[in-house]
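Structure at a glance
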Amino acid sequence: MEGSRQQTNRLEGAVPTAPSFVAAAHELKSPLALVRQLALHLESGEVTGGELQEIAHRITLTSERAIRLTTDITKSSRLEDSLFSLEPLNPFVLCQEVVDEMKPLYAAHGRTIVLSSRARSLLALANRDLLRRILLNFADNALHYSGDGPVTITASLRDGGSCIRLGVRDYGPALPSVMRKNVGQKSVHVHSRPESSGLGIYIARQFADAMHARIGATSHRDGATFYVDIGTSSQLRLL
Amino acid sequence: MPAKRVLVIEDDQWFLSLVKKTLEREKITVVTASNTIEGMVAINEMVPDVIILDFFMPGPNALVLLHELQSYGDTAKVPVILCTNNASDIPKDTLSAYGVVSTLDKTIMYPDDIAVAVRKAI
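Being a predicted model, the structure only gives us computed values, none of them experimental.

1. Overview of the interface of chain A and chain B
- Each side of the interface is counted separately: chain A has 23 residues, and chain B has 21 residues.
- Here chain A meets chain B over a buried area of about 2,100 Å², counting both sides, of which 58% is carbon and sulfur.
- For the pair chain A and chain B, the interface holds two salt bridges.
- With a closest N to O distance of 2.7 Å, Lys21(B) and Glu51(A) form a salt bridge.
- At the boundary of chain A with chain B, the tally comes to nine residue pairs in polar contact (both at pLDDT 80 or more).
- Breaking the side of chain A that touches chain B down by element, the ones donating at least two residues are helix 1 (21-43), helix 2 (49-77), helix 3 (91-108) and helix 4 (128-145) of chain A.
- Among the residues forming the side of chain A that touches chain B, the class breakdown is ten nonpolar, seven polar and six charged.

Printed below as a string of structure tokens:
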């Protein structure tokens, strides 16, 4: 059955070649507009005790989301001038850090994010900061553009152990079919989600390129997995 | 006179709760949906007096719902208020043919604007 068949798509070559100021403005508009609306409700004076605290907390979390995005944009624009050292790292520890960082935001939306545990120990070769930002980006994307189900971060060995795939699995609308059709067509602008500008994916790809990693997406009937493939550390063999 | 019933279709749950509170203060019955599909289900259950509709949401966007509403006699005349971050990019003249009676820009609107727009639409 076609609907139940999982289709794997490389985002490589299917994302815009450069982010536009319009895309950045579009992505920032949403959290800023929300902060403004929340602040206006506080100003109205009709908000009491517990609700006041809840709205203040939402303002904090939404502001942090906007700051994360602006930091990613500025970091992305300086990638060419910087050298990013690669280090052996435990991807589970990093994934757990991402889960812990995103948990308050997910909880405030009544959602959950978990790490899928695996017994096998892995060692990746990557830049910790860039990899963390890619996963935060995917997790943020999953929160705002997927359905109500839990979001799971997974780590698995690929290609006979030469590669580690860190994925963020969500449940919601499948990726648009145009994305599948246009895989490999470099000139085609493809959005990560129909309602997203695609800026987040563009930035994630830049971060991945800077550490010789690759990002991609798998479309499921009931959602999507956005993933980053990174090399394994040769120190793995010494363990 | 029975309370007016407004369906709010909005994927941002926090913005949705603000709109709901504002309208309920005006004694308006609010039903919510977080995407177009949920909105269609809610409309099938009971046709609302007014629909407040975000434009871009996970899954089908507002245009899909607007087309669907025009396909049935009982829903074609339900006034729709678009409430979006992208109001300046939306061709309002074209959308009026789809029952859109007003467009609110989330980036500049004030909380009470939504109640004013609903009262005007009813």
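2. Structural notes on the pattern of salt bridges
- Using the criterion set out here, one finds 18 salt bridges over all chains in the structure.
- For Asp129(A), the salt bridge identified is with Lys75(A), shortest N-O distance 3.0 Å. Of this pair, Asp129(A) sits in helix 4 while Lys75(A) sits in helix 2, and the two are 54 residues apart along the sequence.
- When its relative accessible area of 26% is taken as the criterion, Asp129(A) is described as partly exposed.
- Residue class for Lys75(A) comes out partly exposed when judged on its relative accessible area of 24%.
- We note a salt bridge from Lys106(B) to Asp54(B), for which the minimum N-O separation is 3.5 Å. Remark: Asp54(B) occurs in the loop between strand 3 (50-53) and helix 3 (62-70) and Lys106(B) occurs in the loop between strand 5 (100-105) and helix 6 (111-121); sequence separation between them is 52 residues.
- Using a relative accessible area of 7% as the deciding quantity, one classes Lys106(B) as buried.
- Ionic contacts of the salt-bridge type, sharing partners, join the residues Asp72(A), Lys75(A), Glu101(A), Asp129(A), Arg132(A) and Arg133(A) into one network.

3. Examining the packing of helix 2 (residues 36-45) of chain B against helix 3 of chain B
Residue and element names in this part refer to chain B.
- Two elements in contact, helix 2 and helix 3, have axes whose closest approach is 10 Å; the angle formed by their N-to-C orientations is 25°. By the criterion of interaxial angle, the relationship of helix 2 to helix 3 is roughly parallel. The handedness of the crossing between helix 2 and helix 3 comes out as right-handed. Seen from helix 2, the contacting residues are Thr36, Met40 and Ile43; seen from helix 3, they are Val64, Leu65, Glu68 and Leu69.
- Residue composition of the contact of helix 2 with helix 3, grouped by class: five nonpolar, one polar and one charged.

4. Here we look at helix 6 (residues 199-210) of chain A
Residues and elements named next belong to chain A.
- With twelve residues, helix 6 ought to run about 16 Å at 1.5 Å a step, and its terminal C-alpha atoms sit 17 Å apart, in line with that.
- Of all the residues in helix 6, the buried ones are Leu199, Gly200, Ile201, Tyr202, Ile203, Ala204, Phe207 and Ala208.
- Elements that come into contact with the buried residues of helix 6 comprise helix 1, helix 2, helix 4, strand 7 (214-220) and strand 8 (223-232).
- Downstream of helix 6 by a residue or two, His212 has a phi angle that is positive, lying close to 60°.

5. Concerning empty space enclosed by the protein
- By the definition in use, this model includes three cavities of 30 Å³ or more.
- Here the second largest cavity defines a volume of roughly 60 Å³.
- For the second largest cavity, the full set of lining residues is Leu34(A), Leu61(A), Thr62(A), Arg65(A), Leu105(A), His109(A), His144(A), Asp12(B) and Trp14(B).
- The leading source of residues in the lining of the second largest cavity is helix 2 of chain A, at three residues.

6. Re the pairing of strand 2 (residues 29-33) of chain B
All names here are of chain B.
- Here strand 1 (residues 5-9) pairs with strand 2 via five bridges, running parallel. The partner of Arg5 across the bridge, within strand 2, is Thr29.
- With helix 1 (residues 13-25) bridging strand 1 and its parallel neighbour strand 2, the resulting β-α-β unit is right-handed.

7. As for the layout of surface pockets
- One number sums up the size of the largest pocket: a volume of about 710 Å³.
- Lining the largest pocket are 36 residues, with His144(A), Tyr145(A), Asp11(B), Asp12(B) and Pro58(B) sitting closest to its centre.
- Among the secondary structure elements, those contributing two or more residues to the lining of the largest pocket are helix 1 and helix 4 of chain A together with helix 1 and helix 2 of chain B.
- Examining the composition of the lining of the largest pocket, we find that six residues originate from one element, helix 1 of chain A, more than from any other.
- By residue class, the composition of the lining of the largest pocket is ten nonpolar, 14 polar and twelve charged.

Quick notes on the rules
- Numbers given to residues run from 1 along each chain, matching the order in which its sequence is written.
- Numbering of ligands from 1 and lettering of chains from A proceed in the order in which they are written.
- At least 70 in pLDDT is required for a residue's local features to be given in this predicted model, at least 80 for side-chain atom pairs to be given and counted, and no such filter applies to totals for whole chains, interfaces and linings, which use all residues.
- With hydrogens and water set aside, each side-chain value is computed from the structure's full complement of heavy atoms.
- A contact between two residues is defined here by any heavy atoms of the two lying within 4.5 Å.
- When two parts are brought into contact, each loses some accessible area as probed by a 1.4 Å sphere; the total of that loss over both is the buried area.
- Each salt bridge in this description consists of a side-chain nitrogen of Lys or Arg and a carboxyl oxygen of Asp or Glu lying within 4 Å of one another.
- Between N or O atoms, a polar contact is any pair within 3.5 Å; within protein, one atom must be a potential hydrogen donor and the other a potential acceptor, and residues adjacent in sequence are included only when both atoms are from side chains.
- A run of H or I in DSSP becomes a helix once it reaches four residues, and a run of E becomes a strand once it reaches two; helices and strands are each numbered from the N terminus.
- Amino acids are sorted into nonpolar (Ala, Val, Leu, Ile, Met, Phe, Trp, Tyr, Cys and Pro), charged (Asp, Glu, Lys and Arg) and polar (every other residue, Gly among them).
- In this scheme, a residue with accessible area under 20% of its type's maximum is buried, one over 50% is exposed, and one in between is partly exposed, where area comes from a 1.4 Å probe on protein chains only.
- Each axis is a line fitted through C-alpha atoms, taken for helices only over the stretch in contact, and angles between the N-to-C directions span 0 to 180 degrees.
- For classification purposes, angles smaller than 35 degrees are called roughly parallel, those larger than 145 roughly antiparallel, those between 65 and 115 roughly perpendicular, and all remaining angles oblique.
- The handedness criterion is simple: a crossing whose near helix is rotated anticlockwise from the far helix by less than a right angle is left-handed, and one whose near helix is rotated clockwise is right-handed.
- Expected helix span is computed as 1.5 Å times (number of residues minus one).
- Using protein atoms alone on a 1 Å grid, points that fit a 1.4 Å probe yet trap it form a cavity, whereas open point sets bounded by protein on both sides within 12 Å along at least five of seven lines form a pocket; residues with an atom within 4 Å of a point count as lining.
- Grid points are joined across faces, edges and corners, and a volume is the space filled by probe spheres set on the points.
- One requirement defines pairing of two strands: DSSP has to find at least two bridges between them.
- With strands facing away from the observer, any crossover in which the path from the first strand over the helix to the second runs clockwise is taken as right-handed.

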